[in-house]
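# Chains, contacts and geometry: an overview
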Amino acid sequence: MTDAKVAIVTGGARGIGLAATEIFLDQGWRVAVVDRDAEELHRACGPLENVLPVEADISDPQSVDGVIRTVAAQWGRVDALVNNAGVALFSRADRTSFEEWREVMAVNLDGVFLCTQAAVPELAKTRGAIVNIASISGLRASTLRVAYGTSKAAVIHLTKQFAAELGERGIRVNCVAPGPVKTKLAMAVHAPEIISAYYDAIPLNRYGEAREIAEAIVFLCSDKASFVSGQTLAVDGGFDATGVGLP
Ligand code: NAD
């Protein structure tokens, strides 16, 4: 077991991050589950073996440095970083306060930057992989997503920037852009008319399951994706392939 690969999954206490954690564990990895919600974190990790719960806020540089130090001290290696933690805010551009804008950017964009920078020294030792979680809202604009969509579009570009520089150290950097999944994050912002618009706009005519997003994340972290870097994979039931818009 000591040679088992190690993944760090931010926002892993529930939703897509927890689904990714479960697949990594099924495939024999060990997982450091990072979350700022201590209660959810310990509830999720309690029944699982080969996990290390780490309470941290990914938008805080000191907290992030502590995560990498803790994982390196516990397991001595990091093979993959999944930058999954995120927050959602749906509000009209002219009614979004600067504080709301900053909170979304701090977690969804600054958090990815901070965790990636902090993990690079460990990932360089294993020639590891990074997968960032963006969104279809980062690929296509629609109303109410001025902060959320902009943060996710930036994550897609940040993926390419890091891929361009980290390749020489053997680190691959990719991105998954999920379509809608009925997690706590989505259900807090998807009003009934948004839900029905998604059903109409998605060729597969349904929401995705967290596990369907997680399978793509784990694939991109695995050796099966050994020549894939700088890419964004939309896992969205065909939404991005069509021109059908959302309100
Ligand atoms: P979720 O709310 O179920 O899980 C997000 C987790 O991130 C939570 O456990 C939360 O406590 C944690 N988190 C939030 N801010 C944090 C911080 N600063 N530090 C540490 N942990 C923090 O949401 P989810 O739907 O599973 O979302 C996972 C990712 O997928 C997010 O980046 C989200 O934007 C993205 N995404 C989700 C959907 C969807 O429809 N659910 C669609 C596209 C993209």
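With an unreviewed UniProt entry as reference, the protein chain is termed SDR family NAD(P)-dependent oxidoreductase, source organism Paracoccus angustae. Looking at the protein chain in UniProt, the text filed under Sequence similarities (unreviewed entry) is "Belongs to the short-chain dehydrogenases/reductases (SDR) family."

Moving on to the packing of helix 3 (residues 61–75) against helix 4 (residues 98–126). Packing of helix 3 against helix 4 brings their axes to within 9 Å, and their N-to-C directions diverge by 30°. Our classification of the angle between helix 3 and helix 4 gives roughly parallel. Helix 3 and helix 4 meet at a crossing whose hand is right-handed. Along its contact with helix 3, which presents Pro61, Val64, Asp65, Ile68 and Ala72, the element helix 4 presents Leu114, Cys115, Ala118, Ala119 and Glu122. Here the residues of the contact of helix 3 with helix 4 are counted per class, giving eight nonpolar, no polar and two charged.

Turning next to the nonpolar core. Within the largest apolar cluster, 73 residues are counted, with the highest numbers of intra-cluster contacts made by Ala7, Ile8, Val33, Val82, Val176 and Ile217. When sequence neighbours within four positions are dropped, the list of residues in contact with Val82 reads Ala7, Ile8, Val9, Thr10, Ala20, Val131, Ile217 and Cys221.

In this section: the site of the ligand. Neighbouring residues of the ligand: 30 residues in total, closest Gly11, Gly15, Gly86, Thr183 and Leu185. Of all elements in the fold, only helix 1 (15–26), helix 4 and helix 6 (184–189) reach the threshold of two or more residues within the shell around the ligand. Counted by class, the shell around the ligand contains 13 nonpolar, ten polar and seven charged residues.

Let us look at the packing of helix 1 against helix 8 (residues 210–221). Packing of helix 1 against helix 8 leaves a shortest axis separation of 8 Å and a crossing angle of 55°. The pairing of helix 1 with helix 8 is recorded here as oblique in orientation. At the point where helix 1 passes helix 8, the crossing takes the right-handed sense. Contacts between helix 1 and helix 8 pair Gly15, Ile16, Ala19, Ala20, Ile23 and Phe24 from the former with Ala210, Arg211, Ile213, Ala214, Glu215, Ile217 and Val218 from the latter. The residue makeup of the contact of helix 1 with helix 8, split by class, is ten nonpolar, one polar and two charged.

Take the sheet that holds strand 5 (residues 129–133) next. Across the sheet, which stays open at both edges, the seven strands sit in the order 3-2-1-4-5-6-7 with parallel pairing between neighbours. Edge positions in the sheet fall to strand 3 (51–55) and strand 7 (232–235), since each has one partner strand and no second. Neighbouring strand axes in the sheet, compared pairwise and without regard to direction, differ in orientation by 20° on average. Inspection of the sheet shows strand 1 (residues 6–10) paired to strand 4 (residues 80–83) by three bridges, in the parallel sense. Each residue of the ladder has a partner; that of Ile8, found in strand 4, is Leu81. Packed on one face of the sheet, helix 2 (residues 38–45) meets strand 2 (30–35) and strand 3 and runs near 175° to strand 3. The strands that helix 5 (residues 146–166) touches are strand 5, strand 6 (172–178) and strand 7; relative to strand 6, the one it contacts most, it runs at about 165°.

Looking now at the environment of Pro178. Note on placement: Pro178 falls in strand 6. Remark: the alpha-carbon pair of Pro178 and Ile213, spanning 35 residues in sequence, is separated by 6.4 Å. If we ignore the near neighbours within four places in the chain, the residues touching Pro178 are Ile16, Ile133, Ser135, Ile136, Gly208, Ile213, Val235 and Asp236.

Reading the values: rules and limits
- Residues numbered from 1 in each chain as written.
- Predicted model: local features only at pLDDT ≥ 70, side-chain atom pairs only at ≥ 80, totals over all residues.
- UniProt positions renumbered as here; feature names shortened; annotations may be inferred.
- Axes fitted to C-alpha atoms, helices over the stretch in contact; angles between N-to-C directions.
- Helix = DSSP H or I, 4+ residues; strand = E, 2+ residues; numbered from the N terminus.
- Parallel < 35°, antiparallel > 145°, perpendicular 65-115°, else oblique.
- Left-handed = near helix turned anticlockwise from the far one by under 90°.
- Contact = placed C-beta atoms within 7 Å.
- Nonpolar A, V, L, I, M, F, W, Y, C, P; charged D, E, K, R; others polar.
- Core = buried A, V, L, I, M, F, W, Y, C linked by C-beta atoms within 7 Å.
- Buried ≥ 20, exposed ≤ 12 C-beta atoms within 10 Å, placed from the backbone.
- Near = placed C-beta within 6 Å.
- Pairing = 2+ DSSP bridges.

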